[in-house]
Amino acid sequence: MDKQKARSTEMTRRGFLKMFGSLGLVGATATLAGCSKEPMGGKGWLPQQYQAASSYPSQVRGRVPIDPNNPSIMRDDEKCILCGQCLEVCEKVQTVFGHYELPVKDEVICVNCGQCTLWCPTAAITEKDDTARVLEAIEDPDTVVVVQTAPATRVGLGEEFGLPAGSWVEGKQVAALKKLGFDYVFDTNFSADLTIMEEGTELINRITKKSKAPLPQFTSCSPGWVKFCEYYYPDLLEHMSSAKSPQQMLGALIKTYFAKEKNIDPKKIFSVSIMPCTAKKFECSRPEMNDAGLHHGDETMRDVDAVLTVRELARMIKNKGIDLNKLPEEKYDQLMGTGSGAGLIFGATGGVMEAAVRTAYFVLTKQDVPEGLLNLKPVRGLEGVKEASLDIPGVGTLRIAVAHGLSNARKLMDEVRRGESPYHFIEIMCCPGGCISGGGQPRTALPPSNEVREKRIASLYAKDASYKLRLSHENPEILALYEKYLEHPISHLAHELLHTEYTSRGDKLTAKGSKLG
Amino acid sequence: MSKGVLVDLTKCIGCGSCTVACKLYNDNKFEKDSPAIGENPKLTDENWTIVTAKKTEKDGQPVWRYVKQQCLHCEHPACASACFAKAFQKTEEGPVIYYPHLCVGCRYCMLACPFDIPKYQWEKSFPLVTKCQMCSGKVAKGEAPACVSVCPTNVMTFGERDEILALAKKTIESDSKYVKHIYGEKEAGGTDWIYISDVPFEQLGFRTDVTTTPLPEYSHSFLKYTPYVIVGWGSLLTGMYLYTKRRNKIAQEEKKDVHL
């Protein structure tokens, strides 16, 4: 009897385990097979920001198109939440998206400004990463890697390392670049001064009718603006200064003047620029930007080989374990490492105009530049369109206008198109606030605030005011460059290396409001 | 009444919002090696809709057109007629939906579909068939599918099928740029998603050799006899069985008699 009972308990335990084992197996199979009587498919919008799955997508608005071959920006679909911030900035601030008729032609319309990378709340849209190519060049012992840094980078980079907006990190940035292994560090402020010499001379030629090109003259430093003009105002391209942007001028000189002075084979030079801008990546890839190559008889050679945004530079510095804050300040390399205050303020809206006016005044009158032109208030600040009239003794009144953000540019351009523009010289910067708030600068509050823009701008103007050298035409390295190499502004060689021409892109879209094309 | 979507391909700019919306709504995975947009995207078990960039020509000029692809939600779906388990069902509102719990995994639907839409979860241990459900839950409430509601250029119009068909006709008649063809009006006997374009559909990778006969009709003409065949054949065999059994029994009994 006892024996029998024991056996039955034993059997029960076994049966028990067996039963639960098979139940589990059936359950697992059913779960894995998705045994629910619901039809397949979603039950509501799922991303976190909607708090709970719901059927009505109140904050889902879509996004801008990005060509997979876009040289400046790219997008990670996985991070995109369709919030529509990119549409907002592209359509309302830059007036690119939504300003062309559908159907599209054979291009994804983009001016490469990269403002969408600053507005995107999840950083789904970013700059196209070129750091690997640069690191490869640095690691190659046969390659001489030369780098230039744009004016606005030195008031932006610090934010990536915890410093307040507008912190001045010029010397630390140079030190970091040397530490990363760049062989020569030059300053784009130098070529900004050079731009003033070339573009200023061009303006004077237009005003004095030495040149047949029409007035007003437009600045050409901002590649996003240039491409915008090629798309939407191709009929006005004659107004665009033929002077290249400072980045491309310095690029061409690095592979000619610098190579000659240092006796380096230009084929061994890899030229990098650190820019607050994603459009610069597009600019350096424009087919015609190979003037140094043409000069040497090798048309495959690019004037600038790679452009890194400030964010990419910050990533490189962090990846190497360098603490920017602890670096000592270092100086730019000589030859093309000195920039004036005029070159420095290229980074802010109105800065190119102010720099040009200072030098134009001197060239036209041969007199010292008055104090008022060293603090040209009417063209400073964040107002969308700014204008001023300046009396230049012996010449007359010079009328100037400044706009930043492409929606503001349209106002001045429509005026020119109607033949009603009273100005001699118009400065346009693609990004709101100028380069200091360019698409390659550190991401800030979303969307970028004027408070940050103002701090970065104030930092540039404060440094300009503290400089002894505030006039482009007094920059000793510029004088040396003309004496040793280029002879004079718009000389034959200067024209070959420092000037360019523009392509109409009017046939790539049908602009809204026009029945052309 | 059946709901449908009119896709005006001339308005698409290729942003791919619809493909992301589809994944966000249906909780499908993003797979780096099978993108949902670009020049060569593929419909997969995770990509229920894709947008293909087609670099083609119009009037001798190069043009880029973007083609959104997903289940066309046929009015007479071949997948549903091929499915003997009733895992595919055409709803009254329009969507052709899939019930995983009914599926036996035979994949007849994949062979039946003339547009090659249903995809199989090949990498899963207990795979299912997948395809666009036209956000059937939303459509049942009268709302547009997720992809339609996020399009920034209003490529897609959601509505009653006859209304959007009338709109399509009006659009292609009033604007000379459109080709005079509404894809899906007659293809496969009519689909709930219909397309209009300014570039011929065959240039955009659409299958234009699809029959206009509703596909289920082909098999219906003989498959409708299936129940009679089953019942008739069954009765015949049963009868024969009973007859043989009885004959054997009698024969055995007769044998017994002989031995006695």
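Residues numbered from 1 in each chain as written. Chains lettered and ligands numbered in written order. Predicted model: local features only at pLDDT ≥ 70, side-chain atom pairs only at ≥ 80, totals over all residues. Heavy atoms only, no water.

A. A look at the overall build of chain B. A count of helices and strands for chain B gives eight helices and 10 strands. The C-alpha radius of gyration computed for chain B amounts to 25 Å, which surpasses the reference 18 Å derived for 260 residues by more than 25%, pointing to a less compact arrangement than a globule. Referenced to the eigenvectors of the C-alpha coordinate spread, the extents of chain B come out at roughly 100 × 40 × 40 Å. Restricting the contact set of chain B to residue pairs at least 6 apart, pairs at least 24 apart contribute 57%. For chain B, the computed accessible surface area is about 13300 Å², with 56% contributed by carbon and sulfur atoms. Averaged over its 33 positive side-chain charges, chain B has a centre that lies 5 Å from the centre of its 30 negative ones. (Helix = DSSP H or I, 4+ residues; strand = E, 2+ residues; numbered from the N terminus. Rg over C-alpha atoms; globule rule 2.2 N^0.38 Å. Contact = heavy atoms within 4.5 Å. Areas by Shrake-Rupley, 256 points an atom, 1.4 Å probe, with all protein chains shown as cover. Lys, Arg positive; Asp, Glu negative; His and termini not counted. Charge placed at Lys NZ, Arg CZ, Asp CG, Glu CD.)

B. Expanded view of the overall build of chain A. Scanning chain A from N- to C-terminus turns up 17 helices and 10 strands. On the principal axes, the C-alpha backbone points of chain A span a range of 130 × 55 × 45 Å. Taking all 517 residues of chain A together, 59% fall into the buried category. Within chain A, contacts between residues at least 6 apart in sequence are counted, and of these 76% link residues at least 24 apart. Entry remark: accessible area of chain A is about 21700 Å², with carbon and sulfur atoms responsible for 54%. Counting 63 positive and 65 negative side-chain charges, chain A places the averaged centre of each group 8 Å from the other. (Buried < 20%, exposed > 50% of the residue type's maximum accessible area, 1.4 Å probe, protein only.)

C. View of the nonpolar core. One finds Trp 225, Tyr 232, Met 413 and Ile 426 of chain A together with Phe 115, Met 156 and Trp 193 of chain B to be the most contacted residues of the largest nonpolar core, which totals 113 residues. Beyond its immediate sequence surroundings of up to four residues, Met 156 of chain B is in contact with Val 5, Leu 6, Val 7, Cys 18, Lys 68, Cys 147, Val 148, Cys 151 and Trp 193 of chain B. In this structure, Ala 175, Phe 182, Leu 308 and Val 310 of chain A belong to the second largest nonpolar core, which totals 29 residues. (Core = buried A, V, L, I, M, F, W, Y, C linked by side-chain atoms within 4.5 Å.)

D. Region of interest: the pattern of salt bridges. All chains considered together, the criterion is met by 47 salt bridges over all chains. Note that Asp 129 of chain A is salt-bridged to Arg 315 of chain A, the shortest N-O span being 2.8 Å. Within this pair, whereas Asp 129 of chain A is found in the loop between β2 (125-127) and α4 (131-139), its partner Arg 315 of chain A is found in helix α11 (residues 310-319), the two being separated by 186 residues in sequence. As a salt-bridge pair, Asp 192 of chain B and Arg 161 of chain B come within 3.7 Å of each other at their nearest N and O atoms. Placement of Asp 192 of chain B in the loop between α6 (161-174) and β10 (193-196) and of Arg 161 of chain B in helix α6 is noted, with a sequence separation of 31 residues between them. A residue is classified by how much of its surface remains accessible, and Arg 161 of chain B, at 10% relative accessible area, is buried. Several salt bridges share partner residues, and in doing so they unite Glu 354, Arg 358, Arg 380, Asp 464 and Arg 470 of chain A into one network. (Salt bridge = Lys/Arg side-chain N within 4 Å of Asp/Glu carboxyl O.)

E. Representation of the pairing of strand β4 (residues 184-187) of chain A. Residue and element names in this part refer to chain A. Bridge count between strand β3 (residues 144-149) and β4: four bridges; the pairing is parallel. Across the sheet, the residue bridging to Thr 149 is Asp 187, located in β4. In the classification by handedness, the crossover that spans β3, the intervening helix α5 (residues 170-180) and the parallel β4 is right-handed. (Pairing = 2+ DSSP bridges. Right-handed = clockwise from strand over helix to strand, strands pointing away.)

F. A look at the sheet that holds strand β3 (residues 50-58) of chain B. Residues and elements named next belong to chain B. Strand order in the open sheet formed by three strands is β2-β3-β4, with mixed pairing between adjacent strands. Looking at the sheet topology across the chains shown, the edges are occupied by β2 (37-38) and β4 (61-69). When β2 meets β3, the two strands line up parallel, connected through two bridges. Within β3, the residue paired with Gly 38 across the bridge is Thr 52.

G. Molecular detail of the side chain of His 424 of chain A. Its place among the elements puts His 424 of chain A in the loop between α14 (406-417) and β10 (425-429). Setting aside residues up to four positions removed in sequence, His 424 of chain A forms contacts with Leu 203, Ile 207, Leu 215, Pro 216, Gln 217, Thr 397, Leu 398 and Arg 399 of chain A.

H. Main features of the packing of helix α7 (residues 223-232) of chain A against α14 of chain A. Residues and elements named next belong to chain A. Packing of α7 against α14 leaves a shortest axis separation of 12 Å and a crossing angle of 50 degrees. With respect to each other, α7 and α14 are oriented oblique. By crossing handedness, the relation of α7 to α14 is classed as right-handed. Contact residues: Trp 225, Phe 228 and Tyr 232 in α7; Leu 406, Ala 409, Arg 410, Met 413 and Arg 417 in α14. Partitioned by chemical class, the residues of the contact of α7 with α14 number six nonpolar, no polar and two charged. (Axes fitted to C-alpha atoms, helices over the stretch in contact; angles between N-to-C directions. Parallel < 35°, antiparallel > 145°, perpendicular 65-115°, else oblique. Left-handed = near helix turned anticlockwise from the far one by under 90°. Nonpolar A, V, L, I, M, F, W, Y, C, P; charged D, E, K, R; others polar.)

I. Molecular detail of the interface of chain B and chain A. Contacts between chain B and chain A engage 43 residues on the former and 42 residues on the latter. At the boundary of chain B with chain A, total buried surface from both sides reaches about 3500 Å², with 65% on carbon and sulfur atoms. On the chain B side of the interface with chain A, the three residues burying the most area are Leu 24, Tyr 25 and Phe 126 of chain B, jointly 19% of the side's total. One salt bridge connects Lys 32 of chain B with Glu 78 of chain A, and the closest N-O pair in it is separated by 3.6 Å. Only α1 (17-26), β4, β6 (96-98), β8 (129-130) and α5 (146-150) of chain B provide two or more residues apiece to the side of chain B that touches chain A. Per element, the largest residue contribution to the side of chain B that touches chain A is six residues, and it comes from α1 of chain B. (Buried area = accessible area lost by both parts, 1.4 Å probe.)

J. Focus on the sheet that holds β3 of chain A. All names here are of chain A. Taken together, the four strands give an open sheet; going across it, the order is β4-β3-β6-β7, and neighbouring strands pair in parallel fashion. Lying at the two open borders of the sheet, with one neighbouring strand each, are β4 and β7 (306-309). For this sheet, the mean inter-axis angle between neighbouring strands, taken without regard to orientation, is 25 degrees. Sheet strands in contact with helix α6 (residues 188-207) are β3, β4 and β6 (269-275), and its direction is about 40 degrees off that of β4. In this fold α11 packs onto β6 and β7, with an angle of close to 85 degrees to the strand it touches most, β7.

K. How the structure looks around the environment of Leu 471 of chain A. Residues and elements named next belong to chain A. Considering the arrangement of structural elements, one finds Leu 471 in the loop between α15 (450-466) and α16 (476-486). For the pair formed by Leu 471 and Asp 193, sequence separation is 278 residues and the distance between their alpha carbons is 8.0 Å. Leave out the neighbours within four places in its chain, and Leu 471 touches Ser 340, Ala 342, Arg 358, Val 369 and Leu 374.

L. View of a negative patch on the surface. Residue and element names in this part refer to chain A. On the surface, Glu 136, Glu 139, Asp 140 and Asp 142 cluster together into a negatively charged patch. On the secondary structure map, Glu 139 appears in helix α4. Since its relative accessible area comes to 61%, Glu 139 is described here as exposed. (Patch = residues over 30% accessible without salt bridge, like charges linked within 9 Å, V, L, I, M, F, W, Y side chains within 5 Å.)

M. Focus on the domain arrangement of chain B. The domain architecture assigned to chain B consists of domain 1 (3-221) and domain 2 (225-259). In this structure, domain 1 of chain B and domain 2 of chain B have C-alpha centres spaced 54 Å apart. (Domains from an automatic or database assignment.)

N. The packing of aromatic side chains, seen in detail. Residue and element names in this part refer to chain A. One pass over the structure, following the stated rule, counts 16 aromatic pairs over all chains. Taken together through their ring pairs, the aromatic side chains of Phe 228, Tyr 231, Tyr 232 and Tyr 233 make up a single cluster. The ring centre of Phe 282 lies 4.2 Å from the NZ or CZ of Lys 227, which sits over that ring. Sitting over the face of the ring of Tyr 232, Arg 410 holds its NZ or CZ atom 4.5 Å from the ring centroid. (Phe/Tyr/Trp six-rings, centres within 6.5 Å; stacked < 30°, edge-to-face > 60°. Lys NZ or Arg CZ within 6 Å of the ring centre and 35° of its normal.)

O. Main features of the pairing of strand β1 (residues 3-8) of chain B. Residues and elements named next belong to chain B. Here β1 lies mainly inside the structure; six of its six residues are buried. Taken together, the five bridges between β1 and strand β9 (residues 156-160) define a ladder with antiparallel strand orientation. Its bridge partner lying in β9, Val 5 is registered against Phe 158. Pairing of β1 with β10, which is carried by four bridges, proceeds in the parallel orientation. For Asp 8, the partnering residue across the bridge sits in β10 and is Ile 196.

P. Looking closely at a nonpolar patch on the surface. Residue and element names in this part refer to chain B. Side chains of Phe 222, Leu 223, Tyr 225, Tyr 228, Val 229, Trp 233, Leu 236, Leu 237 and Met 240 sit close together on the surface and give an oily, nonpolar patch of about 1000 Å² of accessible area. Where the nonpolar patch is concerned, the elements lending two or more residues are α7 (215-223) and α8 (226-259). Looking at the nonpolar patch, the element that brings in the most residues is α8, giving six residues. Within the secondary structure, Val 229 is located in helix α8. Residue classification places Val 229 among the exposed positions, given a relative accessible area of 52%.

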